[in-house]
Amino acid sequence: MRLSHSFVPTLKETPSEAQIASHRLMLRAGLVRQTSAGIYAWLPVGFRVLKNIERIVREEQNAAGAQEILMPTIQPAELWRESGRYDGYGKEMLRIVDRHDRDMLYGPTNEEVVTDLFRQSVKSYRELPQILYHIQWKFRDEVRPRFGVMRGREFLMKDGYSFDLDYAGAVVSYRKMMLTYMRTFQRMGLKAIPMEAESGPIGGDLSHEFIILAPTGESQVFYDAAFEEIDYLSQAAGGFSHDNATDLERFFKEMTTHYAATDEKHDATKWAQVDAGRRREGRGIEVGHIFYFGTQYSKPMGATVAGPDGKPIIPEMGSYGIGVSRLVGAVIEASHDSAGIIWPDSLAPFKAAILNLRLGDAACDALCEALYAKLGSAALYDDREERAGAKFADADLMGHPWQIIVGPRGAAAGKVELKRRATGERLELSPEDALARIGA
Ligand code: 5CA
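Residues numbered from 1 in each chain as written. Predicted model: local features only at pLDDT ≥ 70, side-chain atom pairs only at ≥ 80, totals over all residues. Heavy atoms only, no water.

A.B. asks: Even after reading the chapter, I still don't get the domain arrangement of the chain, so can you show me in this structure?
C.D. replies: Put simply, an interface is often sized by how much accessible area is lost when its parts join up. Taken domain by domain, the chain holds domain 1 (3-341) and domain 2 (352-438). Computed from C-alpha atoms alone, the centre-to-centre distance between domain 1 and domain 2 is 38 Å. In total, about 1,100 Å² of surface goes out of reach between domain 1 and domain 2, with carbon and sulfur atoms giving 56% of it. The largest contributions to the domain 1 side of the interface with domain 2 come from Leu3, Ser4 and Ile341, which together make up 47% of the buried area. Of the charged contacts, one joins aspartate 337 and arginine 421 as a salt bridge, the two residues approaching to 2.8 Å between their closest N and O atoms. On inspection of domain 1 and its partner domain 2, the count reaches 8 residue pairs in polar contact (both at pLDDT 80 or more). Of all the elements in the fold, those that place two or more residues in the side of domain 1 that touches domain 2 are α1 (21-28), α2 (44-63) and β18 (340-341). Of the residues assigned to the side of domain 1 that touches domain 2, the class counts are 7 nonpolar, 3 polar and 3 charged. (Domains from an automatic or database assignment. Buried area = accessible area lost by both parts, 1.4 Å probe. Salt bridge = Lys/Arg side-chain N within 4 Å of Asp/Glu carboxyl O. Polar contact = N/O pair within 3.5 Å; in protein donor to acceptor, adjacent residues only side chain to side chain. Helix = DSSP H or I, 4+ residues; strand = E, 2+ residues; numbered from the N terminus. Nonpolar A, V, L, I, M, F, W, Y, C, P; charged D, E, K, R; others polar.)

Here it is, written out as structure tokens:
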């Protein structure tokens, strides 16, 4: 993308409405703009990050055998009357009446719709287990939308739903999703910790939140540093496979043996038993939440499959959420400095920025164009008529993992400067070596 002709409205001033770093940085770096309270438009740079998060979530869901579908945002109230949640859900639900006076709603979550899909089509025990997921916009009319996309009213969620024949099967699905989540967050450069949680309006009796540490988190959390030492992606000995119930059991045991709790569930006596050097405490942001709720929806909605003896079986269900749009803010909370965002390589909107420090200088222009031709959509080419200082500041603000800096002296000698945003390290290199180093 050429910055001179792109829709990247960066701000020099700190927007006064933003209370936390990620919200300020998302507005300043031109990732999003608010349309109304808690509702945001995603601009090209923010949209790229959102798509990168989606891609990792999708790859890991698919690898675990979950099947992607796309359910509607608008749902009929009828289904929520069947499950018994329509009246109780309260003011957080956006209720809509259509031209035929039918009660509709903008989905805050999809347990009812997915259970309805399932009961229409799945008839035999032989078809189970199944996990279905989608990545779709939700609406919750939060009392206090705040912190930008972290607590929005409209937000993007990955929500998955599992159907099993019995409790033992449901536990395997639950553990499989838990491992899938740990992998997903690790690929995003995040240390997410699973913590036992209340199940709230989703219901059920087994639930875990996935929490990352950041000073602006909404709850106080406590955990054993042992969680940070585990490599969830490793396939080597000691690693975990989600295709194997024994591995999943060992994994779940590991996740539930080490201490981890939010302030709601904190137990000071157990905490005191954790080795002092391994105690980690701070504010936490919830980036995912999983639930096992048995037949809470399948039973009232009459979803059954025929068992081996022809008798109906009511499937055991769970649901699994990841806050896709919240993660954009959460990652920035976990990874920024006073100059701006520091994107992890896996989520960066652009792998590299090319900074042309002397637009109009024949050597600078030629070198930048050649680099841009090589990098294509992986690069943001800063070809604006701006001072070098402004280009440096914007590149740091936007947080590209790499900056390729092209000035007239270097260009004349066939050299560029390569800067790594995370460490500040700078090297003078040939353009070929710079490209090789960033893996292009
Ligand atoms: N049906 C279940 C799981 S699929 C469910 O809705 N779970 S949830 O309510 O916990 O939401 C899942 C995730 O969505 C949360 O962990 C959080 O990361 C994200 N989320 C929830 N509310 C908001 C919000 N108002 N703004 C941004 N993200 C949110």
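After presenting the structure, the write-up continues.
A.B. asks: Can you help me understand the site of the ligand in this one?
C.D. replies: Surrounding the ligand, one finds 22 residues, the nearest of these being Thr109, Glu111, Arg140, Gly152 and Glu286. Here an oxygen atom of the ligand and a side-chain polar atom of glutamate 286 are 2.5 Å apart. Within the backbone of valine 287, an N or O atom sits 3.4 Å from an oxygen atom of the ligand. About the coverage of the ligand: the protein hides 96% of its 600 Å² of free accessible area. Going through the elements one at a time, β8 (154-164), β13 (279-294) and β16 (316-323) are the ones with two or more residues in the shell around the ligand. Counting residues per element, the shell around the ligand draws most heavily on β13, at 5 residues. (Near = heavy atom within 4 Å. Areas by Shrake-Rupley, 256 points an atom, 1.4 Å probe, with all protein chains shown as cover.)

A.B. asks: Explanation requested: the sheet that holds strand β5 (residues 94-97) in the structure shown.
C.D. replies: Adjacent strands of a sheet form backbone hydrogen bonds with each other and so pair up, either parallel or antiparallel. In space, the 3 strands of this open sheet follow the order β4-β6-β5, with antiparallel pairing throughout. Sheet topology places β4 (74-76) and β5 at the edges, where each strand pairs with a single neighbour. Direction aside, neighbouring strands of the sheet carry axes that sit 35° apart on average. As judged from the 4 bridges shared by β5 and strand β6 (residues 103-106), these two strands associate in the antiparallel manner. Across the sheet, residue leucine 94 finds its bridge partner in β6, namely tyrosine 106. (Pairing = 2+ DSSP bridges. Axes fitted to C-alpha atoms, helices over the stretch in contact; angles between N-to-C directions.)

A.B. asks: Which parts of the structure should I look at to understand the pairing of strand β23 (residues 426-429)?
C.D. replies: Where a strand is regular, its side chains alternate between the two sheet faces. Bridge analysis of strand β22 (residues 416-420) against β23 gives 4 bridges, and the strand direction is antiparallel. Of the residues in β23, the one forming a bridge with leucine 418 is leucine 427. In this structure, the hairpin formed by β22 and β23 is closed by a connection of 5 residues, where glycine 424 is found at a positive phi of approximately 80°.

A.B. asks: Just checking my understanding: could you explain the packing of α2 against helix α5 (residues 167-187) for this structure?
C.D. replies: Relative orientation and spacing of two packed helices are given, respectively, by the angle between their axes and the distance between those axes. Relative orientation of the contacting elements α2 and α5 amounts to 145°, with a least axis distance of 9 Å. Between α2 and α5 the crossing geometry is right-handed. In contact with Arg55, Ile56, Val57, Glu59, Glu60 and Gln61 of α2, α5 contributes Met177, Thr180, Tyr181, Arg183, Thr184 and Arg187. In the contact of α2 with α5, the residues fall into 4 nonpolar, 3 polar and 5 charged. (Left-handed = near helix turned anticlockwise from the far one by under 90°. Contact = heavy atoms within 4.5 Å.)

A.B. asks: How do you make sense of helix α8 (residues 324-334) when you look at a structure like this?
C.D. replies: The periodicity of an α-helix, 3.6 residues per turn, causes residues three or four positions apart to be oriented the same way. Counting buried positions along α8 yields 10 of 11 residues, so the element is predominantly enclosed. Val324, Ser325, Arg326, Leu327, Val328, Gly329, Ala330, Val331, Ile332 and Glu333 are the residues of α8 that are buried. (Buried < 20%, exposed > 50% of the residue type's maximum accessible area, 1.4 Å probe, protein only.)

A.B. asks: Looking at this model, I keep getting lost on the sheet that holds strand β20 (residues 379-382). Mind explaining?
C.D. replies: One open sheet accounts for 5 strands, arranged β20-β19-β21-β22-β23; its pairing is mixed. One side of each edge strand has no neighbouring strand; the edge strands of this open sheet are β20 and β23. Adjacent strand axes in the sheet meet at a mean angle of 20°, parallel and antiparallel pairs treated alike. Taken together, the 4 bridges between strand β21 (residues 402-406) and β22 define a ladder with antiparallel strand orientation. Opposite tryptophan 402, over in β22, you have arginine 420 as the bridge partner. Relative to the sheet, helix α9 (residues 362-375) contacts β19 (352-356), β20, β21 and β22, its axis offset from that of β19 by approximately 165°. In this fold helix α10 (residues 388-398) packs onto β19, β20, β21 and β22, with an angle of close to 175° to the strand it touches most, β19.

A.B. asks: Sorry if this is basic, but what is going on with the pattern of salt bridges here?
C.D. replies: Side chains that differ in charge, positive against negative, can pair when their charged atoms come close. What the rule picks out here adds up to 29 salt bridges. Between glutamate 142 and arginine 151 there is a salt bridge, with the nearest N and O atoms lying 3.0 Å from each other. Accessibility expressed as a relative area gives 15% for glutamate 142, which makes it buried.

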